[in-house]
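Listed below, chain by chain, are the residues.
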Amino acid sequence: MSLQDQFGKDILLTGWGHSKFGKLTDETLESLIVQVAGEAISNSGLDPKDVDEIYLGQFNSGMQPLGFTSSLALQLSTELANVPATRTENACASGSAAFQQGVKAVLAGTARNVLVIGAEKMTDAGADVVGAALLGASYEMAGKASSTGFTGLFAEVAKHYEKRYGSSIARPGFEAGLGDVLGSIAAKNHRNGMDNPYAQMHRDFGEEFCRTISDKNPMVAEPLRRTDCSPVSDGAAAVVLSTQATGGATATVRLAGFGHANDFFPAEKRDPTEFAATRASWERALGMAGVGIDGLDFAEVHDCFTIAELIMYEAMGLTPRGEGSRAIQEGWVYKDGKLPINVSGGLKAKGHPVGATGVSQHVIAAMQLTGTAGDMQLPNARRGAVQNMGGVGIANYVSVLEAL
Ligand code: COA
């Protein structure tokens, strides 16, 4: 059943913009927001005066004391004066939170055209400040000293996973178990990032480097090495959502389904080796779109750490629990595999400016579905999914997008 059948209207992505991701010393949060908002509105064929509402996904930009960031897009044009603008925060899923709020405003009929932006400027603060700011997504950890930041939380997940499933991982070429599997996921995403002009890291490290602990690839929090982590990043992305495309839109994509589920916190109530609410968000989105996992041509998923992508293979239903390693070992998730995952390089290589990530994933998917993804382009990309996660499986969002 389409959104048209369920809600009596389509949700279309009619324009988008994307900044370069990386350490952008010459940019401010405001300049990034204004850049991508301008690109998205212009590509949608609308005038700024046609925007009925704005949602901005932003987490905390390294705990810099910034207020009213939702209003920054108004700097783009005086015609945006008086447009309602709201900031959404759901940790690393703040961008998708903005996206789904925008979708609901259009479905509710309170807005015809919504501008959704995701933005974060993290590299201005020192590593210790950014680490503490990210840990603010985990209230148990906030305020406690941690030398390993969020990496430490996902390292714990990896340890639990290895204890439970480690023995089932070894296969020819993967004798050392989980470390090799995670290294292969890192190498895949770094290779893919080479084709993404927006990516922060254009470095094809290769399997051997990513699987090996070295001076250049030290352990950050055992068993996660530097190459198992997404980098600290600046960047922004934006999309315009509308019920119908204007004649001036350069390209258009339809939203086929969306899902959102939050999990218990603190995490003791949950099995750390399963992202149960992530699975629920996949089921909701795929169910609304009326497709199974084999109805997707690609997916962009939240690989903040390589262990997250591994567990995602299971949460999205690509493999049974404990068998996610098969997806990489048997080549399914490579660019030429049966379900290419993170052809953009993912958070791993593209970068992870927290609030921007969810919106960026939607933009990259829209590019794939309109044949405008350049060197990232997959042949015959007709339907794809994006998945964005805040915390360790706490705030979970999935969207299914399809070509018109
Ligand atoms: N992956 C691969 N290489 C990385 C990297 C990453 N994530 N981060 C930095 N590098 C490279 C740099 O390009 C640099 O290379 P060079 O020496 O050849 O120029 C080198 O490593 C050192 O860079 P630096 O910035 O000093 O690294 P760092 O050790 O301070 O930081 C991490 C590395 C992994 C600790 C940091 O990126 C991090 O904390 N990531 C996690 C962020 C996070 O928690 N996000 C939220 C997720 S929920």
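Worth saying up front: this structure is predicted, and the values here are computed from it rather than measured. (Residues numbered from 1 in each chain as written. Predicted model: local features only at pLDDT ≥ 70, side-chain atom pairs only at ≥ 80, totals over all residues. Heavy atoms only, no water.)

Engineer: How should helix H5 (residues 149-165) be read in this particular structure?
Structural biologist: Between its first and last C-alpha, H5 extends 25 Å over 17 residues, near the 24 Å set by a 1.5 Å rise per residue. Those residues of H5 not exposed but buried are Gly149, Phe150, Thr151, Gly152, Leu153, Phe154, Ala155, Val157, Ala158, Tyr161 and Tyr165. (Helix = DSSP H or I, 4+ residues; strand = E, 2+ residues; numbered from the N terminus. Expected span 1.5 Å × (residues − 1). Buried < 20%, exposed > 50% of the residue type's maximum accessible area, 1.4 Å probe, protein only.)

Engineer: Where do I start with the site of the ligand in this structure?
Structural biologist: Among the 15 residues in the neighbourhood of the ligand, the closest are listed as Arg203, Arg226, Cys229, Ser230 and Lys348. At a separation of 3.1 Å, an oxygen atom of the ligand approaches a polar side-chain atom of Arg226. In the model, a nitrogen atom of the ligand is placed 3.5 Å from a nitrogen or oxygen of the Pro231 main chain. Out of a free accessible area of 910 Å², the ligand has 65% covered by protein chains. (Near = heavy atom within 4 Å. Polar contact = N/O pair within 3.5 Å; in protein donor to acceptor, adjacent residues only side chain to side chain. Areas by Shrake-Rupley, 256 points an atom, 1.4 Å probe, with all protein chains shown as cover.)

Engineer: What am I meant to see in the nonpolar core here?
Structural biologist: Where a protein is soluble and globular, its nonpolar side chains tend to be buried together. Counting 59 residues, the largest nonpolar core has Phe154, Trp282, Ile307 and Leu318 as the members making the most contacts within it. Looking at this core, the elements with two or more residues in it are helix H4 (127-135), H5, helix H6 (178-193), helix H8 (276-289), helix H9 (306-315), helix H10 (325-329), strand E10 (383-390) and strand E11 (395-403). Element by element, the count of residues in this core is highest for H5, at eight residues. Ignoring anything within four residues of it in the chain, the contact list for Trp282 reads Gly287, Leu296, Ala299, Val301, Met312, Ala315, Met316, Ala385, Gln387 and Val398. Among the nonpolar cores identified, the runner-up in size contains 38 residues, and Leu13, Leu369, Ala381 and Leu401 belong to it. (Core = buried A, V, L, I, M, F, W, Y, C linked by side-chain atoms within 4.5 Å. Contact = heavy atoms within 4.5 Å.)

Engineer: For this particular structure, what's the right way to read the packing of helix H3 (residues 94-108) against helix H12 (residues 354-369)?
Structural biologist: Angle between the axes and distance between the axes are the two parameters that describe a pair of packed helices. Running from amino to carboxyl end, H3 crosses H12 at an angle of 60°, the nearest separation of the two axes being 5 Å. With respect to H12, the element H3 is oriented oblique. For the pair formed by H3 and H12, the contact residues are Ser94, Gly95, Ser96 and Phe99 on the first element and Gly355, Gly358, Val359 and His362 on the second. Among the residues forming the contact of H3 with H12, the class breakdown is two nonpolar, six polar and no charged. (Axes fitted to C-alpha atoms, helices over the stretch in contact; angles between N-to-C directions. Parallel < 35°, antiparallel > 145°, perpendicular 65-115°, else oblique. Nonpolar A, V, L, I, M, F, W, Y, C, P; charged D, E, K, R; others polar.)

Engineer: Help me understand the sheet that holds strand E8 (residues 253-262), please; the structure alone is not making it clear to me.
Structural biologist: Each strand in a sheet pairs with its neighbour through backbone hydrogen bonds, running either in the same direction (parallel) or in the opposite one (antiparallel). Reading across from one edge, E3-E2-E4-E7-E1-E8-E11-E10-E9 is the order of the nine strands in this open sheet, with mixed pairing throughout. Lying at the two open borders of the sheet, with one neighbouring strand each, are strand E3 (85-88) and strand E9 (298-300). The average undirected angle you get between the axes of adjacent strands in this sheet is 25°. Looking at chain direction, strand E2 (residues 53-57) and strand E4 (residues 113-121) are connected through five bridges and run parallel. By the bridge assignment for E4, Glu53 is matched with Val114. Across the sheet, H8 touches E8, E9, E10 and E11, and the angle it forms with E8 is around 150°. (Pairing = 2+ DSSP bridges.)

Engineer: I would appreciate a short explanation of the pattern of salt bridges in the present structure.
Structural biologist: Side-chain pairing between opposite charges can occur once the charged atoms of the two side chains come close. Per the counting criterion, the structure on display carries 22 salt bridges. Put simply, Arg254 and Asp10 hold a salt bridge, and the shortest N to O gap is 3.7 Å. Of the two residues, Arg254 is situated in strand E8 and Asp10 in the loop between helix H1 (3-7) and strand E1 (12-18); the sequence distance between them amounts to 244 residues. Given the relative accessible area of 23%, Arg254 is considered partly exposed. Classification of Asp10 by relative accessible area gives buried; the value is 17%. (Salt bridge = Lys/Arg side-chain N within 4 Å of Asp/Glu carboxyl O.)

Engineer: Which parts of the structure should I look at to understand empty space enclosed by the protein?
Structural biologist: Left-over empty space is what a probe sized like a water molecule reveals as it rolls over the atoms. Within this structure, the stated rule accounts for one cavity of 30 Å³ or more. Computed from the structure, the largest cavity encloses a volume of approximately 30 Å³. In terms of lining residues, the largest cavity is bounded by Phe59, Asn60, Ser61, Gly62, Glu120, Met122, Val130, Ala133, Leu134 and Val354. Top element by residues in the lining of the largest cavity is H4. It accounts for three residues. Within the lining of the largest cavity, the residues separate by chemical class into six nonpolar, three polar and one charged. (1 Å grid on protein atoms, 1.4 Å probe; cavity = no way out; pocket = protein on both sides within 12 Å on 5 of 7 lines; lining within 4 Å. Points joined across faces, edges and corners; volume = space filled by probe spheres on them.)

Engineer: So what exactly am I meant to see when it comes to the packing of H6 against H9 here?
Structural biologist: Viewed as axis vectors pointing N to C, H6 and H9 meet at an angle of 95°, and their least axial separation amounts to 9 Å. When the interaxial angle is binned, H6 and H9 end up roughly perpendicular. Here H6 contributes Leu178, Val181, Leu182, Ile185, Ala186, Lys188 and Asn189 to the contact with H9, which in turn contributes Thr306, Ile307, Glu309, Leu310 and Tyr313. Class assignment of the residues belonging to the contact of H6 with H9 gives a composition of eight nonpolar, two polar and two charged.

Engineer: Explain the pairing of strand E7 (residues 234-242) to me, please; I cannot follow it from the model alone.
Structural biologist: The two faces of a sheet get side chains in turn, since along a regular strand they alternate between them. The buried count for E7 comes to nine of nine residues, which makes it a mostly enclosed element. Burial along E7 is two-sided: the residues Asp234, Ala236, Ala238, Val240 and Ser242 and Gly235, Ala237, Val239 and Leu241 are all buried. Two elements, E1 and E7, share six bridges in a ladder whose sense is antiparallel. Residue pairing in the sheet places Gly15 in a bridge with Val240 of E7. Where E4 and E7 come together, nine bridges link them in antiparallel fashion. For Ile117, the partnering residue across the bridge sits in E7 and is Ala238.

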